[in-house]
Amino acid sequence: SRLLSQPYQKSRPCTVMSFWDVPGVKAGVITGDAAWGLMKHAKANGYAIPAFNCTSTSTINSVLEAGKKLGRPVMIQFSEGGSAFMAGKSLPNAKGVLQASTLGAIAGAQFTRAVAPAYGIPVLVHSDHCAKKLLPWFDGMLEADEAYFKLYGEPLFSSHMLDLSEEPDEENIAICQKYLKRMSPMKCILEMEIGITGGVEDGVDNSGTAKEKLYSTPEDVFAVYTGLSPISEMFTIAAAFGNVHGVYKAGNVVLRPELLGEFQAYAAKKTGKPNPLFFVFHGGSGSEKHHITTALSNGVVKMNVDTDTQWAYWSGLKNFYQAKSGYLQGQIGNPEGADKPNKSYYDPRKWIRESEMSMVKRVQESCTDLNNHNFVTPKRKPIVGGNWKCNPECSSQLDGLAKNINACDASLCDVYVCPSTIHVTEVIPKISNAAQVCPQNCNFKGCGAYTGEMAVEQMLDLGLQWVMIGHSERREYFQEDDTLLATKLKCILDAGMKCIFCIGEKLPEREKGLEATMAVCISQLEQIKGMLHPDKVVIAYEPVWAIGTGVTATAAQAQETHAAIRKWIAANVSAECAAGIRIQYGGSANAKNAPELSACPDIDGFLVGGASLKPEFVDIVDSIVAEKWGKK
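Residues numbered from 1 in each chain as written. Predicted model: local features only at pLDDT ≥ 70, side-chain atom pairs only at ≥ 80, totals over all residues. Heavy atoms only, no water.

Attention now moves to the overall build of the protein chain. Secondary structure summary: the protein chain contains 23 helices and 21 strands in total. By the compact-globule yardstick of 26 Å for 632 residues, the protein chain fits well, its C-alpha radius of gyration being 26 Å. Each principal axis of the C-alpha atoms in the protein chain carries an extent, and together these give about 80 × 75 × 50 Å. A burial count over the protein chain gives 56% of its 632 residues as buried. (Helix = DSSP H or I, 4+ residues; strand = E, 2+ residues; numbered from the N terminus. Rg over C-alpha atoms; globule rule 2.2 N^0.38 Å. Buried < 20%, exposed > 50% of the residue type's maximum accessible area, 1.4 Å probe, protein only.)

What follows is the structure, encoded as structure tokens:
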């Protein structure tokens, strides 16, 4: 069905125009005015179209399947190396000719054209980074475009990218002008790069690039506009704002998407046109959500996704092998018997499909991150955590518990799991969706002579982003007080990690009413109020009297306390912080009470204890996703 696209930013006026209303947009591959019209629609409505590097019909199908599930446009793109793989690695691909790469890209585009209409969504077909040494590949694709145009009145591909960022800017722009003049009669969109994206991508190594070259200037970007706009309006700019290909530890890459706003302002002043530039976000794998939001607000209409979907595809296979290894050691013989056949396990259709399903979930997550969805965006993205506490007894049970986490929709809800410290490294590789592993505690000062503790430096080394502190059981059994927890929080945030910070009252305070309850919560928040930040801290409100007792606060009680906490933050920190910070409910949430609790406007999620050890954890996540995203 033709569902309405929704604007992302609250500051943008609501629009009733669906992307389906853009002239020429249809199910299947779109080009020319329709493709450019869709880019304009994305820019006007605060979303971007994710472009996924594909290397096979399987990865193409995964992207299309995710787009179909969401009812949203997607972009299939081919790199030069991926194109060669698509054609077959045994084929000759001589330097200066690149015949296999050319053949593979054309074959991929033709396959996408053949199957895309059946998925019922608009699809753009794009070629990725083309350095100067790869121009024979670009020429070959353009020849295919021109031949297709003669037959059907449109190019084979929707768009192509030239990445001449290693060349002097003048040469870069001059070559782009030459090719845009060739592409313009076919209304084929050109993407170009000004400034360098760091890291390694498709055989091009920019990992040693000086940091200052990772940031474009307003003058650099406007020179592109000046050079290309007289030829055609159909071009996008991959400007550099610290982007690096690949996934890196927090703090190693400094993204500055606010620079895109400066580029827009400079161009607007020069041209008299508001926000005249169309930007592309490269090197976005592992990006923090607030950076993506900033990029969207400044005219990003396309974002490349490769590393994250590569990992997702591999994870599907890895998890399948780990779960079924006993059936994959030979054609005959498995745990059910020495004479039992294993064909249904090693059939490529089985394990490739597992990879596809994992990639589909990651594609959906990227679409959601870019606001490319049909739901009304909630004020605060829901967040649900599973606190396994000191469970399970045996590590052999971890696969089953991780399965519950992997079954959750982690695209519309942030999901995290808190294993016992001894199980953290075992759980990390078992998580195949976007859920985060979050330790249950950390120390207050880093590595050193702190027996029995775990330092944030060690967590960062494992690639972890979140840690929980202040749980009521830590406060009660280990005498962790507010001063110690404030010291811990500072240590966590200074290291670049994020924190789930637990607060809550006991039964005697609850029995005295809201004022006594808030007195406890305020005392626990007072020393950290200067550190509260919606992007870095989540508050988990635990009515201690309801934890593990089977007694749950009523939805009215929970909402009353959450609203009071938010009101206190507004008065003592800022209204902006209060509106943005997420507050979880942590008092024996389960599948039965989650729907009613989710309907409370100030409850943004759950910190789940006992129920996180059961399959019903998925139902809890589904409940809050349905309520907050309007997916009932």
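Inspection of the entire model under this criterion finds 11 aromatic pairs. Ring centres of F222 and Y266 lie 5.9 Å apart, and the angle between their planes is 75°; this geometry places the pair in the edge-to-face category. One end of the pair, F222, is in helix α7 (residues 218-228); the other, Y266, is in helix α8 (residues 258-271), with 44 residues separating them in the sequence. Clustering of aromatic rings is evident, with ring pairs tying together F222, Y225, F235 and Y266. Lying over the aromatic face of F278, K43 brings its terminal NZ or CZ to 4.0 Å of the ring centre. Taking NZ or CZ as reference, R474 lies 4.2 Å from the ring centre of F478, over its face. (Phe/Tyr/Trp six-rings, centres within 6.5 Å; stacked < 30°, edge-to-face > 60°. Lys NZ or Arg CZ within 6 Å of the ring centre and 35° of its normal.)

Next up on the list: the sheet that holds strand β18 (residues 498-503). Each strand in a sheet pairs with its neighbour through backbone hydrogen bonds, running either in the same direction (parallel) or in the opposite one (antiparallel). Read across the open sheet, the eight strands follow the order β16-β15-β14-β21-β20-β19-β18-β17; overall the sheet is parallel. Edge positions in the sheet fall to β16 (436-437) and β17 (466-469), since each has one partner strand and no second. One ladder, built from four bridges, connects strand β14 (residues 383-387) with strand β21 (residues 605-608); its direction is parallel. Residue I383 lies in a different strand from β21, and its bridge partner there is G605. Contacts between helix α23 (residues 616-628) and the sheet are confined to β14, β15 (414-418) and β21, with β14 contributing the most and set at about 165° to the helix. (Pairing = 2+ DSSP bridges. Contact = heavy atoms within 4.5 Å. Axes fitted to C-alpha atoms, helices over the stretch in contact; angles between N-to-C directions.)

Time to look at the nonpolar core. Of all hydrophobic cores here, the largest spans 147 residues; its most connected members are I237, I565 and F606. Tallying contributions element by element places helix α5 (residues 135-152) first for this core, with seven residues. Once you skip the residues sitting within four places of it in the chain, F606 turns out to touch I383, V384, G385, Q584, Y585, A589, A594, L597, S598, I620 and I624. Counting residues in hydrophobic clusters, the runner-up holds 20 residues, among them F19, W20, I30 and M234. (Core = buried A, V, L, I, M, F, W, Y, C linked by side-chain atoms within 4.5 Å.)

This paragraph deals with the confidence of the model for the protein chain. Per-residue pLDDT for the protein chain has a mean of 90; in total, 91% of the residues score no lower than 70. Note that residues 1-16 has pLDDT below 50 and, in this model, 42 contacts with residues that lie over four places away or in other chains. (pLDDT = per-residue confidence, 0-100.)

Another point: the state of the cysteines. Across all of its chains, the model carries zero disulfides by this definition. C367 provides the cysteine sulfur closest to C54, a residue in no disulfide bond, and the two sulfurs are 12 Å apart. This cysteine, C394, is not joined by any disulfide, and C390 carries the nearest cysteine sulfur, 12 Å off. (Disulfide = S-S within 2.5 Å.)

Moving on, we come to the environment of I500. Residue placement: I500 occurs in strand β18. Overall, the relative accessible area of 0% leaves I500 in the buried class. Between the C-alpha atom of I500 and that of W466, which follows or precedes it by 34 residues, the distance is 7.3 Å. If we skip the residues at most four places from it in the chain, I500 touches I383, Y416, C438, W466, V467, M468, I469, V538, A540 and Q584.

This next bit is on the pattern of salt bridges. Here the structure, examined in full by the defined rule, presents 27 salt bridges. Each of R380, R566, D602 and D604 takes part in one network of salt bridges that share partners. (Salt bridge = Lys/Arg side-chain N within 4 Å of Asp/Glu carboxyl O.)

What follows deals with the side chain of S216. With respect to the helices and strands, S216 occurs in the loop between β8 (204-206) and α7. Polar contacts involving the side chain of S216 include one to the main-chain carbonyl oxygen of I194, which spans 2.8 Å. Setting aside anything within four residues of it in sequence, one finds S216 in contact with I194, G195, V221, A239, A240 and F263. (Polar contact = N/O pair within 3.5 Å; in protein donor to acceptor, adjacent residues only side chain to side chain.)

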